[in-house]
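Summary of the model geometry
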Amino acid sequence: MHFKDDQDTLRRILNTVEESGHIKDLDALLDRVLLDARHLTRADAGSIFLVENNVLNFRNIHNDTLFTTPSNKYIYSSHTLEINNQSLAGYAANTGESVVLDDVYQIPAHMPFSFNPSFDEASGYRTRSMLVVPLKTSRGKIVGVLQIINALNDQKKVITFTDRDRLVLNYFAVHAAAAIERAMMTREIILRMIKMCELRDPHETGAHANRVAAYAAEIYQQWALSKGIAPEEIKRMRDLIRVAAMLHDLGKIAISDLILKKPGKLDPEEYQIMKRHTIYGARLFENATSELDALGAEIALNHHERWDGQGYPGHLEDISAGNLTLGPGKRGQEIPLAGRIVALADIYDALVSKRAYKEPFPEAQALDLIRENSGQIFDPEVVAAFFAIYDIIGAIREKYAEAPSHSQFCWITP
Ligand SMILES: [Fe+2]
Ligand SMILES: [Fe+2]
């Protein structure tokens, strides 16, 4: 063990603690935690689970050997483990103990857990050494489990994890757990705000908000990659969009039940009132003190603008003014990017979802509609980004389905 190595390690842990305070979104934070945990132990792969509703939910996977480009598709796959001693992650969550294994295919018979080889079988990967650490806060609450896989030496050969790795990762996990607990609370509060909205407008479900926000984050990332935007900036904006887009329709809270719950079509006057949810939403973020608030306001205000200028609410001098008249729609690049992205994410989701007044559109028809309206309702570049990541869009739909999905396929090593 070298003094300099330890200094670097400590610095990295402190950096994570410091920087994770700036990350708003839970998924962005988990990605960062997994990356730092792997760097600290020089590991090729890893996955992360969170304790939610008394089970372990798979939340992210890294694998440098298998995924050469960021593979966001897999982070949306659903997989759940019981919290008991049968699986490795279950054992760590159940007992609060970490586990070091030199070869997962040679687990001593007296150990209560076994290794599930289904991921290796499906992918051709060979999991060998593993370090499983519970994400335990300093108050002893277990929020999840980190599974770090295949430590590598300088020649990129798989080696075993050391006692030092275990110590370092346990220390790191305490700080990571605190940050994760905070981020889980933030998402919980946002979902509760959306629940309040849902009581008024049954279309605005937590699942819809999660889907729209995840679509928007992924579309943004694809758009930004095609523009050559710096990776750090992409990560930062993606994180902000993932949170802010969840709140796109929060302004509906201020619209009368008579309009929100009207079974038939709105008459022109009612429709004019309904349009104001964009302004009410933006007002909730007034006096924006953070970038997140500012983006929340921007998305709420602009998610019904259209690329051809036929959307609403248009140009407004002062969104807090008493009697506002909606102006002519903003057009093209006048509409902030996040508004253009959420417009597509929101309309796509509304089209393919079942609503009280309509059956879902068949997928192909919804896609045709998006293509046809590229350059009219939608920004053509945003449409291009949407189609470029269409496989991820599908994975998100499944992950945040209205009823829990029963995906059998497992992309992780339990
Ligand atoms: Fe809306
Ligand atoms: Fe919506």
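Residues numbered from 1 in each chain as written. Chains lettered and ligands numbered in written order. Predicted model: local features only at pLDDT ≥ 70, side-chain atom pairs only at ≥ 80, totals over all residues.

Further remarks concern the environment of glycine 144. Here glycine 144 is to be found in strand E6 (residues 142-152). We classify glycine 144 as buried; it has 27 C-beta atoms within 10 Å. Along the primary structure glycine 144 and valine 133 are separated by 11 residues, whereas in three dimensions their C-alpha atoms are 8.8 Å apart. Not counting chain neighbours up to four residues away, the residues in contact with glycine 144 comprise Ile48, Phe49, Leu50, Val51, Leu135 and Ile180. (Helix = DSSP H or I, 4+ residues; strand = E, 2+ residues; numbered from the N terminus. Buried ≥ 20, exposed ≤ 12 C-beta atoms within 10 Å, placed from the backbone. Contact = placed C-beta atoms within 7 Å.)

A separate point is the domain arrangement of the protein chain. In terms of domains, the protein chain is made up of domain 1 (3-182) and domain 2 (201-399). In this assembly, 10 residues from domain 1 lie in contact with 13 residues from domain 2. Considering only residue class, the side of domain 1 that touches domain 2 consists of 3 nonpolar, 3 polar and 4 charged. (Domains from an automatic or database assignment. Nonpolar A, V, L, I, M, F, W, Y, C, P; charged D, E, K, R; others polar.)

What follows deals with helix H8 (residues 231-244). In this model, H8 (14 residues) spans 20 Å end to end at C-alpha, consistent with the 20 Å of a helix rising 1.5 Å per residue. Within H8, the full set of buried residues consists of Arg238, Asp239, Leu240, Ile241, Arg242, Val243 and Ala244. (Expected span 1.5 Å × (residues − 1).)

This paragraph deals with the confidence of the model for the protein chain. Taken residue by residue, the protein chain gives an average pLDDT of 89. The fraction at 70 or more is 94%. Scored below 50 in pLDDT, residues 404-414 shows 27 contacts in the model against residues more than four places distant or in partner chains. (pLDDT = per-residue confidence, 0-100.)

Following both chains from N to C, one finds helix H12 (residues 291-302) and helix H13 (residues 337-352) inclined at 55 degrees, their axes separated by 8 Å at the closest point. Relative to H13, H12 is oriented oblique. For the pair H12 and H13, the crossing hand works out as right-handed. Residue-level contacts link Leu295, Glu298, Ile299 and Asn302 of H12 to Ala338, Gly339 and Val342 of H13. (Axes fitted to C-alpha atoms, helices over the stretch in contact; angles between N-to-C directions. Parallel < 35°, antiparallel > 145°, perpendicular 65-115°, else oblique. Left-handed = near helix turned anticlockwise from the far one by under 90°.)

Before going further, it helps to examine the nonpolar core. Ala216, Ile219 and Leu344 are the most contacted members of the largest nonpolar core, which has 52 residues in total. Take this core: its biggest share by element is 10 residues, from helix H7 (residues 206-226). For this core, the two domains that each supply at least three residues are domain 1 (3-182) and domain 2 (201-399). Not counting the four nearest positions on each side in its chain, leucine 344 is found in contact with Ile219, Ile370, Phe378, Val382, Val383 and Phe386. By size, the runner-up hydrophobic cluster in this structure holds 50 residues, among which are Leu40, Phe49, Ala89 and Ile142. (Core = buried A, V, L, I, M, F, W, Y, C linked by C-beta atoms within 7 Å.)

Time to look at the pairing of strand E2 (residues 55-63). Most of E2 sits out of view: 7 of its 9 residues are buried. Pairing between strand E1 (residues 43-52) and E2: 8 bridges, direction antiparallel. The partner of serine 47 across the bridge, within E2, is isoleucine 61. Counting the residues between successive antiparallel strands, the hairpin from E1 to E2 contains 2 residues, one of them, asparagine 53, with a positive phi of roughly 50 degrees. Strand direction decides the pairing type here: E2 and strand E3 (residues 80-82), joined by 3 bridges, are antiparallel. Along E3, the bridge assignment pairs valine 55 with glutamate 82. (Pairing = 2+ DSSP bridges.)

We now examine the environment of arginine 200. Of note, arginine 200 is situated in helix H6 (residues 163-200). Residue classification places arginine 200 among the partly exposed residues on the basis of 15 C-beta atoms within 10 Å. The spatial distance from the C-alpha of arginine 200 to the C-alpha of asparagine 210 is 18 Å, given a sequence separation of 10 residues. Not counting residues up to four positions away in its chain, the partners in contact with arginine 200 are Lys252, Ile253, Asp257 and Leu260.

The complete set of buried residues in helix H11 (residues 277-284) reads His277, Thr278, Ile279, Gly281 and Ala282. Contact partners of the buried residues in H11: helix H10 (268-275) and H12.

Moving on: the packing of helix H2 (residues 26-41) against H6. Contact geometry of H2 with H6 gives a least axis separation of 10 Å together with a crossing angle of 175 degrees. Between H2 and H6, the crossing angle belongs to the class labelled roughly antiparallel. Here Leu26, Leu29, Val33, Ala37, Leu40 and Thr41 of H2 lie close against H6, whose contacting residues are Asp165, Val168, Leu169, Phe172, Ala176, Ala179, Ile180, Ala183, Met184 and Arg187. Among the residues making up the contact of H2 with H6, the classes are represented as 13 nonpolar, 1 polar and 2 charged.

Omega for the peptide link from tyrosine 312 to proline 313 comes to 5 degrees, which places this bond in the cis form. Locating proline 313 in the fold gives a position in the loop between H12 and H13. For asparagine 54, which is not glycine, the phi torsion reads 65 degrees and is therefore positive. You can see asparagine 54 is positioned in the loop between E1 and E2. The class of asparagine 54 is exposed, set by 7 C-beta atoms lying within 10 Å. With a phi angle near 65 degrees, lysine 156 is a residue other than glycine that sits in the positive phi range. For lysine 156, the position within the fold is in the loop between E6 and strand E7 (158-159). Residue classification places lysine 156 among the exposed positions, given that 11 C-beta atoms sit within 10 Å.

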